[in-house]
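Structural characterization, general
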Number of protein chains: 2
Amino acid sequence: MVKGNGSEGRHGYYIEDLKVGMEASFSKVLSDHEVFAFAGISGDTNPVHLDQDYAAQSMFKERIAHGILTASLLSTVLGTKLPGPGAIYVSQTLAFKAPVLFGSEVAATVKIKALDPAKRRATFDCACAVDGKPVLEGEAVLMVPKRPQTEAA
Amino acid sequence: MVKGNGSEGRHGYYIEDLKVGMEASFSKVLSDHEVFAFAGISGDTNPVHLDQDYAAQSMFKERIAHGILTASLLSTVLGTKLPGPGAIYVSQTLAFKAPVLFGSEVAATVKIKALDPAKRRATFDCACAVDGKPVLEGEAVLMVPKRPQTEAA
(Lines give C-alpha, C1' and ligand atoms only; values in the text may rest on other atoms or scores of the structure.)
Protein backbone atom coordinates (compact mmCIF):
# COMPACT_ATOMS: atom_id res chain seq x y z
CA MET A 1 0.00 0.00 0.00
CA VAL A 2 2.96 2.33 0.40
CA LYS A 3 3.56 4.35 -2.74
CA GLY A 4 6.28 6.93 -3.30
CA ASN A 5 8.66 8.00 -0.60
CA GLY A 6 6.36 9.92 1.69
CA SER A 7 3.50 8.98 3.94
CA GLU A 8 1.13 11.11 1.86
CA GLY A 9 0.86 8.34 -0.72
CA ARG A 10 -0.41 5.63 1.62
CA HIS A 11 -3.92 4.56 0.88
CA GLY A 12 -6.28 1.66 1.20
CA TYR A 13 -8.72 0.40 -1.41
CA TYR A 14 -10.48 2.72 -3.83
CA ILE A 15 -14.22 2.27 -4.28
CA GLU A 16 -13.61 0.86 -7.77
CA ASP A 17 -11.55 -1.98 -6.31
CA LEU A 18 -14.10 -3.21 -3.76
CA LYS A 19 -16.40 -6.15 -4.37
CA VAL A 20 -19.25 -7.58 -2.31
CA GLY A 21 -17.94 -10.48 -0.26
CA MET A 22 -14.41 -9.17 0.28
CA GLU A 23 -13.38 -9.55 3.90
CA ALA A 24 -10.56 -8.83 6.33
CA SER A 25 -9.77 -9.68 9.93
CA PHE A 26 -7.67 -8.53 12.86
CA SER A 27 -7.13 -10.40 16.12
CA LYS A 28 -5.84 -9.15 19.43
CA VAL A 29 -5.75 -10.41 23.00
CA LEU A 30 -7.56 -8.03 25.35
CA SER A 31 -5.84 -8.29 28.70
CA ASP A 32 -5.18 -6.18 31.80
CA HIS A 33 -3.08 -3.75 29.83
CA GLU A 34 -5.67 -2.97 27.19
CA VAL A 35 -8.55 -2.69 29.64
CA PHE A 36 -6.78 -0.47 32.18
CA ALA A 37 -5.28 1.73 29.47
CA PHE A 38 -8.70 2.07 27.86
CA ALA A 39 -10.22 3.01 31.22
CA GLY A 40 -7.57 5.68 31.59
CA ILE A 41 -8.03 7.29 28.20
CA SER A 42 -11.83 7.04 28.10
CA GLY A 43 -12.55 7.69 31.77
CA ASP A 44 -14.74 4.57 31.85
CA THR A 45 -13.83 3.26 35.30
CA ASN A 46 -16.89 1.05 35.71
CA PRO A 47 -15.74 -1.47 38.35
CA VAL A 48 -16.97 -4.45 36.33
CA HIS A 49 -13.93 -3.79 34.10
CA LEU A 50 -11.35 -2.98 36.78
CA ASP A 51 -12.22 -4.45 40.16
CA GLN A 52 -11.98 -8.21 40.68
CA ASP A 53 -13.91 -8.15 43.96
CA TYR A 54 -16.76 -6.21 42.37
CA ALA A 55 -16.77 -8.38 39.26
CA ALA A 56 -16.90 -11.57 41.33
CA GLN A 57 -20.33 -10.39 42.57
CA SER A 58 -21.55 -9.49 39.08
CA MET A 59 -23.50 -11.72 36.71
CA PHE A 60 -20.30 -12.48 34.77
CA LYS A 61 -18.29 -13.48 37.89
CA GLU A 62 -15.10 -12.04 36.35
CA ARG A 63 -13.90 -8.72 35.03
CA ILE A 64 -14.88 -8.10 31.42
CA ALA A 65 -13.42 -5.88 28.72
CA HIS A 66 -15.28 -2.70 27.80
CA GLY A 67 -17.67 -3.35 24.89
CA ILE A 68 -16.34 -0.33 23.06
CA LEU A 69 -12.80 -1.69 23.44
CA THR A 70 -13.92 -4.85 21.65
CA ALA A 71 -15.59 -2.66 19.03
CA SER A 72 -12.34 -0.77 18.52
CA LEU A 73 -10.93 -3.84 16.77
CA LEU A 74 -13.53 -3.37 14.04
CA SER A 75 -12.23 0.16 13.57
CA THR A 76 -8.75 -1.33 13.29
CA VAL A 77 -9.75 -3.65 10.44
CA LEU A 78 -11.72 -0.93 8.65
CA GLY A 79 -9.07 1.74 9.13
CA THR A 80 -5.98 -0.29 8.34
CA LYS A 81 -7.05 -3.17 6.07
CA LEU A 82 -10.43 -2.96 4.35
CA PRO A 83 -11.04 -0.38 3.04
CA GLY A 84 -7.98 1.04 4.86
CA PRO A 85 -6.53 4.56 5.04
CA GLY A 86 -8.46 7.23 3.18
CA ALA A 87 -11.91 5.86 3.98
CA ILE A 88 -14.23 7.84 6.25
CA TYR A 89 -16.28 6.23 9.02
CA VAL A 90 -19.93 7.13 8.44
CA SER A 91 -21.71 4.88 10.91
CA GLN A 92 -21.42 1.75 13.02
CA THR A 93 -23.97 -0.38 14.83
CA LEU A 94 -22.95 -2.62 17.71
CA ALA A 95 -24.94 -5.45 19.29
CA PHE A 96 -23.13 -6.92 22.28
CA LYS A 97 -23.74 -10.67 22.35
CA ALA A 98 -21.52 -11.97 25.13
CA PRO A 99 -18.94 -10.68 27.60
CA VAL A 100 -15.22 -10.70 26.73
CA LEU A 101 -13.23 -12.00 29.69
CA PHE A 102 -9.70 -10.76 30.36
CA GLY A 103 -7.10 -12.56 28.28
CA SER A 104 -9.49 -13.45 25.46
CA GLU A 105 -8.23 -13.26 21.90
CA VAL A 106 -10.85 -11.35 19.97
CA ALA A 107 -11.06 -11.86 16.20
CA ALA A 108 -12.70 -8.92 14.43
CA THR A 109 -13.94 -9.53 10.89
CA VAL A 110 -15.55 -7.21 8.37
CA LYS A 111 -17.15 -8.32 5.11
CA ILE A 112 -18.56 -6.15 2.36
CA LYS A 113 -22.31 -6.66 2.08
CA ALA A 114 -23.26 -3.77 -0.21
CA LEU A 115 -21.63 -1.13 -2.40
CA ASP A 116 -22.97 2.16 -3.72
CA PRO A 117 -20.26 3.44 -6.08
CA ALA A 118 -22.24 6.59 -6.98
CA LYS A 119 -22.28 7.65 -3.34
CA ARG A 120 -18.88 6.04 -2.66
CA ARG A 121 -20.44 4.08 0.21
CA ALA A 122 -19.51 0.59 1.32
CA THR A 123 -21.55 -1.34 3.89
CA PHE A 124 -19.85 -4.03 5.97
CA ASP A 125 -21.11 -6.89 8.10
CA CYS A 126 -19.01 -6.74 11.26
CA ALA A 127 -18.39 -9.44 13.83
CA CYS A 128 -16.12 -10.06 16.78
CA ALA A 129 -15.66 -13.56 18.10
CA VAL A 130 -13.79 -15.35 20.89
CA ASP A 131 -12.96 -18.99 20.15
CA GLY A 132 -15.46 -18.83 17.30
CA LYS A 133 -18.28 -17.62 19.55
CA PRO A 134 -19.85 -14.27 18.60
CA VAL A 135 -19.35 -11.53 21.18
CA LEU A 136 -20.26 -8.53 19.03
CA GLU A 137 -22.14 -8.06 15.76
CA GLY A 138 -22.93 -4.98 13.76
CA GLU A 139 -22.84 -3.09 10.53
CA ALA A 140 -20.52 -0.32 9.38
CA VAL A 141 -20.84 2.19 6.56
CA LEU A 142 -17.74 3.88 5.17
CA MET A 143 -17.19 6.47 2.49
CA VAL A 144 -14.40 5.23 0.26
CA PRO A 145 -12.30 7.45 -2.02
CA LYS A 146 -12.40 7.16 -5.79
CA ARG A 147 -9.22 6.36 -7.63
CA PRO A 148 -7.50 9.65 -8.49
CA GLN A 149 -7.76 10.43 -12.21
CA THR A 150 -4.00 10.85 -12.38
CA GLU A 151 -3.41 7.30 -11.19
CA ALA A 152 -3.65 4.31 -13.49
CA ALA A 153 -5.57 1.23 -12.38
CA MET B 1 -23.31 5.27 45.27
CA VAL B 2 -20.92 3.46 47.60
CA LYS B 3 -22.76 1.30 50.10
CA GLY B 4 -21.19 -0.81 52.83
CA ASN B 5 -17.49 -1.21 53.23
CA GLY B 6 -16.64 -3.24 50.15
CA SER B 7 -16.68 -2.57 46.46
CA GLU B 8 -19.39 -5.22 46.01
CA GLY B 9 -22.03 -2.72 47.09
CA ARG B 10 -21.35 -0.11 44.43
CA HIS B 11 -24.15 0.27 41.96
CA GLY B 12 -25.75 2.73 39.64
CA TYR B 13 -29.46 3.31 39.17
CA TYR B 14 -32.01 0.54 39.40
CA ILE B 15 -34.61 0.31 36.65
CA GLU B 16 -37.28 1.49 39.11
CA ASP B 17 -35.41 4.76 39.63
CA LEU B 18 -35.06 5.75 35.98
CA LYS B 19 -37.39 8.20 34.25
CA VAL B 20 -37.64 9.28 30.64
CA GLY B 21 -35.76 12.55 30.21
CA MET B 22 -33.05 11.90 32.79
CA GLU B 23 -29.63 12.76 31.42
CA ALA B 24 -25.94 12.73 32.28
CA SER B 25 -22.75 14.01 30.67
CA PHE B 26 -19.01 13.49 30.69
CA SER B 27 -16.43 15.70 29.00
CA LYS B 28 -12.82 14.98 28.15
CA VAL B 29 -10.15 16.54 25.96
CA LEU B 30 -8.92 14.10 23.31
CA SER B 31 -5.30 14.93 22.65
CA ASP B 32 -2.10 13.23 21.51
CA HIS B 33 -2.01 11.04 24.58
CA GLU B 34 -5.50 9.60 24.16
CA VAL B 35 -5.18 9.05 20.41
CA PHE B 36 -1.74 7.38 20.49
CA ALA B 37 -2.67 5.26 23.50
CA PHE B 38 -5.88 4.21 21.77
CA ALA B 39 -3.92 3.31 18.63
CA GLY B 40 -1.65 1.16 20.76
CA ILE B 41 -4.33 -0.79 22.56
CA SER B 42 -6.66 -1.20 19.57
CA GLY B 43 -4.05 -1.64 16.86
CA ASP B 44 -5.78 1.05 14.78
CA THR B 45 -2.74 2.80 13.33
CA ASN B 46 -4.55 4.48 10.45
CA PRO B 47 -2.21 7.38 9.59
CA VAL B 48 -5.05 9.91 9.56
CA HIS B 49 -4.94 9.60 13.35
CA LEU B 50 -1.18 9.46 13.87
CA ASP B 51 0.76 11.07 11.03
CA GLN B 52 0.67 14.84 10.61
CA ASP B 53 2.17 14.74 7.11
CA TYR B 54 -0.41 12.22 5.96
CA ALA B 55 -3.26 14.06 7.63
CA ALA B 56 -2.24 17.35 6.01
CA GLN B 57 -3.04 15.73 2.64
CA SER B 58 -6.36 14.33 3.83
CA MET B 59 -9.77 15.97 3.51
CA PHE B 60 -9.59 17.10 7.15
CA LYS B 61 -6.10 18.69 6.80
CA GLU B 62 -5.22 17.69 10.38
CA ARG B 63 -5.01 14.53 12.42
CA ILE B 64 -8.36 13.42 13.84
CA ALA B 65 -9.28 11.26 16.82
CA HIS B 66 -10.55 7.75 16.18
CA GLY B 67 -14.36 7.73 15.95
CA ILE B 68 -14.54 4.82 18.38
CA LEU B 69 -12.41 6.79 20.83
CA THR B 70 -15.01 9.55 20.76
CA ALA B 71 -17.70 6.89 21.19
CA SER B 72 -15.90 5.55 24.24
CA LEU B 73 -16.98 8.67 26.15
CA LEU B 74 -20.60 7.52 25.76
CA SER B 75 -19.62 4.23 27.37
CA THR B 76 -18.07 6.27 30.18
CA VAL B 77 -21.30 8.13 30.90
CA LEU B 78 -23.42 4.98 30.63
CA GLY B 79 -21.03 2.85 32.68
CA THR B 80 -20.22 5.30 35.44
CA LYS B 81 -23.14 7.76 35.71
CA LEU B 82 -26.44 6.82 34.05
CA PRO B 83 -27.39 4.07 34.58
CA GLY B 84 -23.94 3.36 36.04
CA PRO B 85 -22.35 0.16 37.40
CA GLY B 86 -24.51 -2.94 37.20
CA ALA B 87 -26.10 -2.11 33.86
CA ILE B 88 -25.29 -4.27 30.83
CA TYR B 89 -24.56 -2.80 27.40
CA VAL B 90 -26.98 -4.36 24.92
CA SER B 91 -26.45 -2.24 21.82
CA GLN B 92 -25.13 1.07 20.53
CA THR B 93 -25.53 2.87 17.22
CA LEU B 94 -23.02 5.49 16.12
CA ALA B 95 -23.39 8.07 13.35
CA PHE B 96 -20.22 10.08 12.86
CA LYS B 97 -21.15 13.67 12.03
CA ALA B 98 -17.87 15.57 12.01
CA PRO B 99 -14.18 14.94 12.69
CA VAL B 100 -12.73 15.51 16.17
CA LEU B 101 -9.44 17.39 15.88
CA PHE B 102 -6.65 16.84 18.40
CA GLY B 103 -7.09 18.87 21.55
CA SER B 104 -10.87 19.09 21.26
CA GLU B 105 -12.92 18.81 24.42
CA VAL B 106 -15.68 16.31 23.66
CA ALA B 107 -18.87 16.46 25.70
CA ALA B 108 -20.75 13.16 25.72
CA THR B 109 -24.39 13.23 26.80
CA VAL B 110 -26.94 10.47 27.22
CA LYS B 111 -30.65 10.99 27.81
CA ILE B 112 -33.29 8.39 28.52
CA LYS B 113 -35.78 8.24 25.66
CA ALA B 114 -37.66 5.04 26.52
CA LEU B 115 -38.00 2.53 29.35
CA ASP B 116 -39.27 -1.03 29.34
CA PRO B 117 -39.37 -2.03 33.03
CA ALA B 118 -40.70 -5.53 32.27
CA LYS B 119 -37.65 -6.27 30.14
CA ARG B 120 -35.40 -4.06 32.31
CA ARG B 121 -34.36 -2.14 29.18
CA ALA B 122 -33.52 1.54 28.96
CA THR B 123 -32.98 3.30 25.63
CA PHE B 124 -30.80 6.40 25.49
CA ASP B 125 -30.33 9.17 22.97
CA CYS B 126 -26.57 9.66 22.78
CA ALA B 127 -24.62 12.63 21.49
CA CYS B 128 -21.06 13.89 21.48
CA ALA B 129 -20.34 17.53 20.75
CA VAL B 130 -17.33 19.83 20.42
CA ASP B 131 -18.05 23.48 21.21
CA GLY B 132 -21.75 22.66 20.95
CA LYS B 133 -21.39 21.18 17.45
CA PRO B 134 -22.50 17.54 17.06
CA VAL B 135 -19.69 15.16 16.16
CA LEU B 136 -21.41 11.87 16.97
CA GLU B 137 -25.03 10.81 17.47
CA GLY B 138 -26.55 7.48 18.29
CA GLU B 139 -28.75 5.35 20.47
CA ALA B 140 -27.86 2.94 23.24
CA VAL B 141 -29.85 0.18 24.89
CA LEU B 142 -28.88 -1.08 28.34
CA MET B 143 -30.25 -3.75 30.61
CA VAL B 144 -30.62 -2.25 34.07
CA PRO B 145 -30.85 -4.26 37.28
CA LYS B 146 -33.95 -4.32 39.43
CA ARG B 147 -33.69 -3.14 42.99
CA PRO B 148 -32.84 -6.16 45.15
CA GLN B 149 -35.80 -7.30 47.22
CA THR B 150 -33.71 -7.09 50.37
CA GLU B 151 -33.04 -3.39 49.84
CA ALA B 152 -35.55 -0.68 50.73
CA ALA B 153 -36.26 2.15 48.30
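Right above here is the structure, for reference.
Residues numbered from 1 in each chain as written. Chains lettered and ligands numbered in written order. Predicted model: local features only at pLDDT ≥ 70, side-chain atom pairs only at ≥ 80, totals over all residues. Heavy atoms only, no water.

1. Here's the deal with the interface of chain B and chain A
Each partner contributes to the interface: chain B provides 42 residues, whereas chain A provides 42 residues. When the area that chain B buries against chain A is broken down by residue, the three leading residues are Ile 41, Tyr 54 and Ile 68 of chain B, summing to 19%. Our enumeration of links across chain B and chain A arrives at zero salt bridges. Linking chain B with chain A are 16 residue pairs in polar contact (both at pLDDT 80 or more), by the criterion used here. Listed by contribution, the elements that provide at least two residues to the side of chain B that touches chain A are β1 (23-30), α1 (32-42), α3 (52-56), α4 (67-80) and β2 (88-96) of chain B. Looking at the side of chain B that touches chain A element by element, the count peaks at nine residues for β2 of chain B. When its residues are assigned to classes, the side of chain B that touches chain A shows 18 nonpolar, 17 polar and seven charged. As defined by bridge partners, strand β2 (residues 88-96) of chain A adjoins β2 of chain B across five bridges and the pair is classed as antiparallel. In the strand pairing of β2 of chain B, Ser 91 of chain A is matched with Ala 95 of chain B. (Contact = heavy atoms within 4.5 Å. Buried area = accessible area lost by both parts, 1.4 Å probe. Salt bridge = Lys/Arg side-chain N within 4 Å of Asp/Glu carboxyl O. Polar contact = N/O pair within 3.5 Å; in protein donor to acceptor, adjacent residues only side chain to side chain. Helix = DSSP H or I, 4+ residues; strand = E, 2+ residues; numbered from the N terminus. Nonpolar A, V, L, I, M, F, W, Y, C, P; charged D, E, K, R; others polar. Pairing = 2+ DSSP bridges.)

2. Concerning the state of the cysteines
Covalent bonding between the sulfur atoms of two cysteines is what defines a disulfide. All names here are of chain B. Enumeration according to the criterion identifies zero disulfides over all chains in this entry. In this model Cys 126 remains outside any disulfide bridge; the closest cysteine sulfur is found in Cys 128, 8.0 Å from its own. Residue classification places Cys 126 among the buried positions, given a relative accessible area of 4%. Overall, the relative accessible area of 1% leaves Cys 128 in the buried class. (Disulfide = S-S within 2.5 Å. Buried < 20%, exposed > 50% of the residue type's maximum accessible area, 1.4 Å probe, protein only.)

3. Points about the relation of the copies chain B and chain A
The two copies are related by a screw motion: chain B maps onto chain A through a turn of 180 degrees and a shift of 0.0 Å along the axis, at an RMSD of 0.0 Å. What the rotation and shift describe, once combined, is the action of a two-fold rotation axis. The C-alpha atom lying nearest the rotation axis in chain B is that of Thr 93 of chain B; the distance is 2.2 Å. Residue by residue, 100% of the interface of chain B is reproduced at the interface of chain A, so both copies engage with the same surface. (Least-squares fit on C-alpha atoms with pLDDT ≥ 70 in both.)

4. Observations concerning the sheet that holds strand β3 (residues 104-116) of chain B
On the basis of which strands lie adjacent, the open sheet formed by 10 strands has the order β1(A)-β3(A)-β4(A)-β5(A)-β2(A)-β2(B)-β5(B)-β4(B)-β3(B)-β1(B) and antiparallel pairing. Here the strands that pair on one side only, and so sit at the sheet edges, are β1 (23-30) of chain A together with β1 of chain B. Here the average twist between neighbouring strands, direction ignored, is 20 degrees. (Axes fitted to C-alpha atoms, helices over the stretch in contact; angles between N-to-C directions.)

5. Concerning the pairing of β1 of chain A
Residue and element names in this part refer to chain A. Going residue by residue along β1, you find Ala 24, Phe 26, Lys 28 and Leu 30 tucked away on one face and Glu 23, Ser 25, Ser 27 and Val 29 left uncovered on the opposite face. Pairing of β1 with strand β3 (residues 104-116), which is carried by eight bridges, proceeds in the antiparallel orientation. From the neighbouring strand, Ser 25 faces β3, where its bridge partner is Thr 109.

6. Observations concerning the nonpolar core
Taken as a class, soluble globular proteins show a tendency for nonpolar side chains to be buried jointly. Residues Phe 124 of chain A together with Phe 124 of chain B are the most contacted members of the largest nonpolar core, which totals 76 residues. For Phe 124 of chain A, the contacting residues outside a window of four places in its chain are Leu 78, Leu 82, Pro 83, Val 110, Lys 111, Ile 112, Lys 113, Gly 138, Glu 139, Ala 140 and Leu 142 of chain A. (Core = buried A, V, L, I, M, F, W, Y, C linked by side-chain atoms within 4.5 Å.)

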